[in-house]
Amino acid sequence: MSTVPKPPSRFVPTLTEVVRKTAVKREPKRIDYEAEGLVQRVLKEVELSMEQRLGAAIDQMVLEQLETLRPLLKRDLETLVRHAVSNALQAKRRDA
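Everything numeric here is computed off the predicted structure, so don't read it as measured data.

A.B. asks: Just to check I follow, could you spell out the overall build of the protein for this structure?
C.D. replies: Of the regular secondary structure elements, the protein holds one helix and zero strands. Across the 96 residues of the protein, 0% fall into the buried class. Accessible surface, the protein: about 10,700 Å² in total, of which carbon and sulfur atoms supply 60%.

Below is the structure:
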């Protein structure tokens, strides 16, 4: 059963009203200098501790990644050695 598509309507609704976005007045952001100074002092005090913790966290992540990659790298290296030895033996047999 085949249906013939209807032609599009001759009259298409159009936008008749223009909507204007009203500007929102924003007050300038006030900086609480006392709070900002306190934040800077606290950050300065904990910066060394944060650096040490960050370094330890990065070291741990790198070690975990290496442990994950170690078997894969070993397998790839074994495959490369096998191919190299196989190619060398084939070349030696051809030359002999």
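A.B. asks: Whenever I open this one, the pattern of salt bridges confuses me. Can you help?
C.D. replies: Between side chains of opposite charge, a pair can form as their charged atoms come close. Taken as a whole and assessed by the stated rule, the structure comprises two salt bridges. Note that Arg70 is salt-bridged to Glu67, the shortest N-O span being 2.9 Å. With Arg70 and Glu67 both in helix H1 (residues 33-95) and three residues apart, this pair spans about one turn of that helix. Under the relative-accessibility criterion, Glu67 is labelled partly exposed at 47%. Note that Arg75 is salt-bridged to Asp76, the shortest N-O span being 3.6 Å. Since its relative accessible area comes to 48%, Arg75 is described here as partly exposed.

A.B. asks: I keep staring at a nonpolar patch on the surface and nothing clicks. Help me out?
C.D. replies: On the surface, Leu38, Val39, Val42, Leu43, Val46 and Met50 cluster together into a nonpolar patch covering about 470 Å² of accessible area. Among the residues examined, Val39 registers a relative accessible area of 39% and is labelled partly exposed.

Rules used in this analysis
Residues numbered from 1 in each chain as written. Predicted model: local features only at pLDDT ≥ 70, side-chain atom pairs only at ≥ 80, totals over all residues. Heavy atoms only, no water. Helix = DSSP H or I, 4+ residues; strand = E, 2+ residues; numbered from the N terminus. Buried < 20%, exposed > 50% of the residue type's maximum accessible area, 1.4 Å probe, protein only. Areas by Shrake-Rupley, 256 points an atom, 1.4 Å probe, with all protein chains shown as cover. Salt bridge = Lys/Arg side-chain N within 4 Å of Asp/Glu carboxyl O. Patch = residues over 30% accessible without salt bridge, like charges linked within 9 Å, V, L, I, M, F, W, Y side chains within 5 Å.

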